[in-house]
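For reference, the chains in residue letters:
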Amino acid sequence: MHQVMEWNEDVSDAVKRELGSHQVCLMNVLGSPGAGKTSTIVELIARLRDKYRIGVIEGDITGTIDAETIDKLGLPVVQLDTDGACHIEAMSIQHILPHFNLDELDVLMVENIGNLVCPAEFNIGESFRLALLSIPEGDDKVEKYPLIFSTSDALALNKYDLKEYFGFDDARVERNAKAANPDISVFRVSSRTGEGLDELTAWVDGKIAAALGRA
Ligand SMILES: Nc1nc2c(ncn2[C@@H]2O[C@H](COP(=O)(O)OP(=O)(O)OP(=O)(O)O)[C@@H](O)[C@H]2O)c(=O)[nH]1
Ligand SMILES: [Mg+2]
């Protein structure tokens, strides 16, 4: 297993170099099934597509539902069917890159497999990671699944519109996220009402600009 992880790191570095040679950066979006990864990616695309040329890789264990959602937006999208695997590996991204015209892209947004554990262990050539935790999942998740939060650059607390129904203690989550990762940025968003999305978009924009050397 150790060897597999090291091999993944090598391929992740190769993917990052390949993307860098075409001036493309990759955002890895992680979170549980149903946390709102697709919904949030759709909202980020709406706010950033005039500024950046965006492509999407939709990871799913099976099926094409999310890829069809992105396809309707008229952006380049490739479905990555992991055939049961609970995470995306760098090798899969490497195989998929030839399906894109990288010279016509600035950003690749990758929706990872819905899972709070495995995807966090595999770098996939990303410039930065955005983790989503939705309010109905509970405010103890940072303590129970620390790796995904300690390795992500930002945490978006999605479905913030539902906060009052779940007695979600966002101060607890923010405190634990910052303890796991002092540099993490925490956002409170709703991909349904639009709350907080401008702030999250500004952060994503800044990360993309920095990765592309346009900051
Ligand atoms: N109330 C509320 N519902 C939301 C919000 N964001 C997403 N949803 C709903 O939550 C459900 C799951 O959202 P998705 O975007 O499909 O979540 P996902 O993380 O992509 O799910 P998987 O790809 O299956 O892992 C959908 O019914 C969304 O409409 C939100 O901010 N508030
Ligand atoms: Mg999805």
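About the criteria used
Residues numbered from 1 in each chain as written. Chains lettered and ligands numbered in written order. Predicted model: local features only at pLDDT ≥ 70, side-chain atom pairs only at ≥ 80, totals over all residues. Heavy atoms only, no water. Core = buried A, V, L, I, M, F, W, Y, C linked by side-chain atoms within 4.5 Å. Buried < 20%, exposed > 50% of the residue type's maximum accessible area, 1.4 Å probe, protein only. Helix = DSSP H or I, 4+ residues; strand = E, 2+ residues; numbered from the N terminus. Contact = heavy atoms within 4.5 Å. Lys, Arg positive; Asp, Glu negative; His and termini not counted. Salt bridge = Lys/Arg side-chain N within 4 Å of Asp/Glu carboxyl O. Polar contact = N/O pair within 3.5 Å; in protein donor to acceptor, adjacent residues only side chain to side chain. Near = heavy atom within 4 Å. Areas by Shrake-Rupley, 256 points an atom, 1.4 Å probe, with all protein chains shown as cover. Phe/Tyr/Trp six-rings, centres within 6.5 Å; stacked < 30°, edge-to-face > 60°. Patch = residues over 30% accessible without salt bridge, like charges linked within 9 Å, V, L, I, M, F, W, Y side chains within 5 Å. Charge placed at Lys NZ, Arg CZ, Asp CG, Glu CD. Arc of directions from axis to C-beta.

Enquirer: Any chance you could break down the nonpolar core for me, citing the residues and the numbers?
Expert: One finds I54, M109, L200, V204 and I208 to be the most contacted residues of the largest nonpolar core, which totals 29 residues. For this core, the elements supplying multiple residues, two or more each, are β1 (25-31), α2 (37-48), β2 (54-60), β4 (107-111), β5 (128-134), β6 (154-158) and α9 (197-211). Sorting elements by how many residues they give to this core places α9 first, with six residues. Setting aside its immediate chain neighbours within four residues, I54 contacts I45, L48, R49, L75, P76, L105, V107 and M109. In terms of nonpolar packing, the next biggest core, distinct from the first, is built from 20 residues, V78, A90, F100 and I113 among them.

Enquirer: Quick rundown of the side chain of K37? Include the residues and the values.
Expert: One can find K37 in helix α2. Salt bridges are absent for the buried K37, whose nearest opposite-charge side chain, E111, sits at 4.2 Å. One polar contact links the side chain of K37 to the main-chain carbonyl oxygen of S32, over a distance of 2.7 Å. With residues up to four places along the chain from it excluded, the contact list for K37 reads V29, L30, G31, S32, E111, N112, G114 and L132.

Enquirer: Please give an account of the site of ligand 1 that cites residues and values.
Expert: For ligand 1, the set of nearby residues contains 18 residues, the closest of which are K37, T38, S39, D161 and S191. A distance of 3.2 Å is found between an oxygen atom of ligand 1 and a backbone nitrogen or oxygen belonging to A35. Within the contact set of ligand 1, an oxygen atom lies 2.7 Å away from a side-chain nitrogen or oxygen of K37. Computed on the free molecule, ligand 1 has an accessible area of 650 Å², of which 73% lies beneath the protein chains in the complex. Ranked by residue count, the leading element in the shell around ligand 1 is α2, at three residues.

Enquirer: Describe the packing of aromatic side chains, listing the residues and the values that go with them.
Expert: Following the criterion strictly, the structure yields two aromatic pairs and no others. Between the aromatic rings of F128 and W203, the centroid separation amounts to 5.6 Å while the plane-to-plane angle is 85°, which identifies the pairing as edge-to-face. Residue F128 is found in strand β5, and its partner W203 is found in helix α9; the two are separated by 75 residues along the sequence. Each member of the pair F128 and W203 is classed as buried.

Enquirer: Any chance you could break down a negative patch on the surface for me, citing the residues and the numbers?
Expert: Taken together, the side chains of E6, E9, D10 and D13 present a region of like negative charge at the surface. Assignment of secondary structure puts D10 in helix α1 (residues 2-21).

Enquirer: How would you summarise helix α8 (residues 170-180) if you had to cite specific residues and measurements?
Expert: Regarding α8, the residues found buried are D170, V173, N176 and A177. One side of α8 carries all its buried residues, which in axial view fall inside an arc of 130°. Structural note: α8 exposes R175 and A179 on the side pointing more than 90 degrees away from its buried face. The opening residue of α8 is D169, an N-cap whose side-chain oxygen sits 3.2 Å from the backbone nitrogen of A171.

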